[in-house]
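# Chain and residue survey
Read off the chains here:
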Amino acid sequence: MDFQLTHDQRALQAGVRELLTARFGRDRLRAAVHDGPPDLDRALWRELGEAGFFALRLPEPDGGVGLGLPETVLVFEEAGRVLLPGPLIATHLAAGAVEGAATGEAVVTAVDGAGGLVEWLDHADVVRGDAAGAEPLRSVDPLTPVHRVPAPSAQAAGDVLLTSLLTAAEQLGTAARTCELAVQHARTREQFGQPIGAFQAVKHLCARMLVRVEVARAAVYAAAVTAHPTDVAAARLLADEAAVRGARDCLQVHGGMGFTWESDVHLYLKRAWLRTQRPGGVTESEELLAGDLLAGTG
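The text that follows walks through the structure, step by step, so that each part is easy to find. (Residues numbered from 1 in each chain as written. Predicted model: local features only at pLDDT ≥ 70, side-chain atom pairs only at ≥ 80, totals over all residues. Heavy atoms only, no water.)

### Regarding the packing of helix α4 (residues 69-82) against helix α6 (residues 157-188)
What counts, and what does not: Working convention: axes come from line fits to C-alpha atoms, limited for helices to the stretch in contact. Angles between N-to-C directions cover 0 to 180 degrees. Secondary structure elements follow DSSP: runs of H or I of four or more residues count as helices, runs of E of two or more count as strands, with numbering from the N terminus. Roughly parallel here means an angle under 35 degrees, roughly antiparallel means over 145, roughly perpendicular means 65 to 115, and every remaining angle is called oblique. By definition, turning the near helix anticlockwise from the far helix through less than a right angle yields a left-handed crossing, and turning it clockwise yields a right-handed one. Note on definitions: a residue-residue contact is assigned when non-hydrogen atoms from the two residues lie within 4.5 Å. Three classes are used: nonpolar for Ala, Val, Leu, Ile, Met, Phe, Trp, Tyr, Cys and Pro, charged for Asp, Glu, Lys and Arg, and polar for all others, with Gly counted as polar.
At a minimum axis separation of 7 Å, α4 and α6 run at an interaxial angle of 45°. One way to sum up the angle between α4 and α6 is to call them oblique. Two packed elements cross with a definite hand, and for α4 against α6 that hand is right-handed. Touching Leu 69, Thr 72, Val 73, Phe 76, Glu 77, Gly 80 and Arg 81 of α4 are Leu 162, Leu 165, Leu 166, Ala 169, Glu 170, Leu 172, Gly 173, Thr 174, Ala 176, Arg 177 and Glu 180, all from α6. Split into classes, the residues belonging to the contact of α4 with α6 amount to nine nonpolar, four polar and five charged.

Structure follows, in structure tokens:
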């Protein structure tokens with residue numbers, strides 16, 4: 001589906017995809033999984049900073065790129081496609097407020113004020129929020145270490161809104177990628193002398209994945225333009241669903257091999273699961289939308 005991106009936006013998206021595929025493609029992803037406990041690649045982090053990843057919305061006079069929220073969403077969508085690790089959103093939101101965040105010299109993470117989760121705590125130079133008493137958890141995602149804070153403080157509403165939107169963008173990228181992986185496998189994997197994509201059940205799985213991706217894309221791109229809390233809540237719900245259900249359907253298309261460490265599919269599902277726990281998740285978004293609907297009927 002064509003969402004009428006400008007020439008500059010398409011060029012930005014293509015450039016970021018090329019950079020991330022080259023610097024964190026499948027080989028790097030597989031290596032990161034098999035190297036044991038996750039470690040943050042500081043060289044890659046600084047390279048992202050030099051490319052303007054964290055300073056996208058920072059004004060040019062302040063050393064930033066001077067772009068808007070729609071362009072930022074496009075970039076984070078690409079990060080979701082490759083499962084780029086690290087506290088990307090927290091560092092992006094800290095650009096201009098924390099020294100070194102914009103350039104990738106500092107790694108910034110943040111405490112989730114609702115659930116008390118904090119990603120990459122032991123690898124961060126700066127923690128936004130009170131992380132006192134944080135205890136490590138066993139993360140479902142092998143590439144994302146997680147701690148829980150027993151008594152988290154509330155986050156600023158603006159940070160929660162942007163965190164939810166950029167999470168939705170990452171989820172969209174993941175959903176799009178798992179749809180591509182499912183279609184590629186359906187075209188090449190053969191059973192009974194023909195590609196499995198010829199079977200009606202597989203066709204339906206892939207078609208439903210594509211529909212969820214495109215519906216979520218429309219919602220996420222619209223929310224990036226309006227930045228309205230209701231639009232962001234709707235986009236987050238749709239993107240979370242597209243990412244989680246899409247990864248599960250992709251596993252179904254791949255059969256038992258999708259669960260093995262030789263496949264990437266389960267990694268997309270695990271990252272999608274983890275992202276659903278970030279601020280603005282299903283309960284918060286549903287309550288916000290329900291409140292808006294009730295206010296409109298009063």
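### Comments concerning the pattern of salt bridges
Selection rule: Note on definitions: salt bridges are taken to be side-chain nitrogens of Lys or Arg within 4 Å of carboxyl oxygens of Asp or Glu. Each residue gets one of three labels from its accessible area relative to the maximum for its type: buried under 20%, exposed over 50%, partly exposed in between, using a 1.4 Å probe on protein chains only.
Enumeration over the complete set of coordinates arrives at 16 salt bridges. Taking the shortest distance from any N to any O, the salt bridge between Glu 47 and Arg 23 comes out at 2.4 Å. Taken together, the residues span a long stretch of sequence, with Glu 47 in helix α3 (residues 42-50) and Arg 23 in helix α1 (residues 7-23) at a distance of 24 residues. Classification of Glu 47 as partly exposed rests on a relative accessible area of 27%. The shortest N-O distance in the salt bridge between Glu 119 and Arg 278 comes to 3.1 Å.

### Re the nonpolar core
Nonpolar side chains in soluble globular proteins generally cluster together in the buried interior. Convention followed: Here, the term nonpolar core denotes a set of buried Ala, Val, Leu, Ile, Met, Phe, Trp, Tyr and Cys residues that are joined through side-chain atoms within 4.5 Å.
Ranked by size, the top nonpolar core spans 68 residues in total, and within it Leu 48, Phe 53, Val 73, Leu 84, Leu 88, Val 220 and Val 253 carry the most contacts. Here this core gets 12 residues from one element, more than from any other, and that element is α6. The residues contacting Leu 48, other than those within four sequence positions of it, are Leu 20, Phe 53, Phe 54, Leu 84 and Leu 88.

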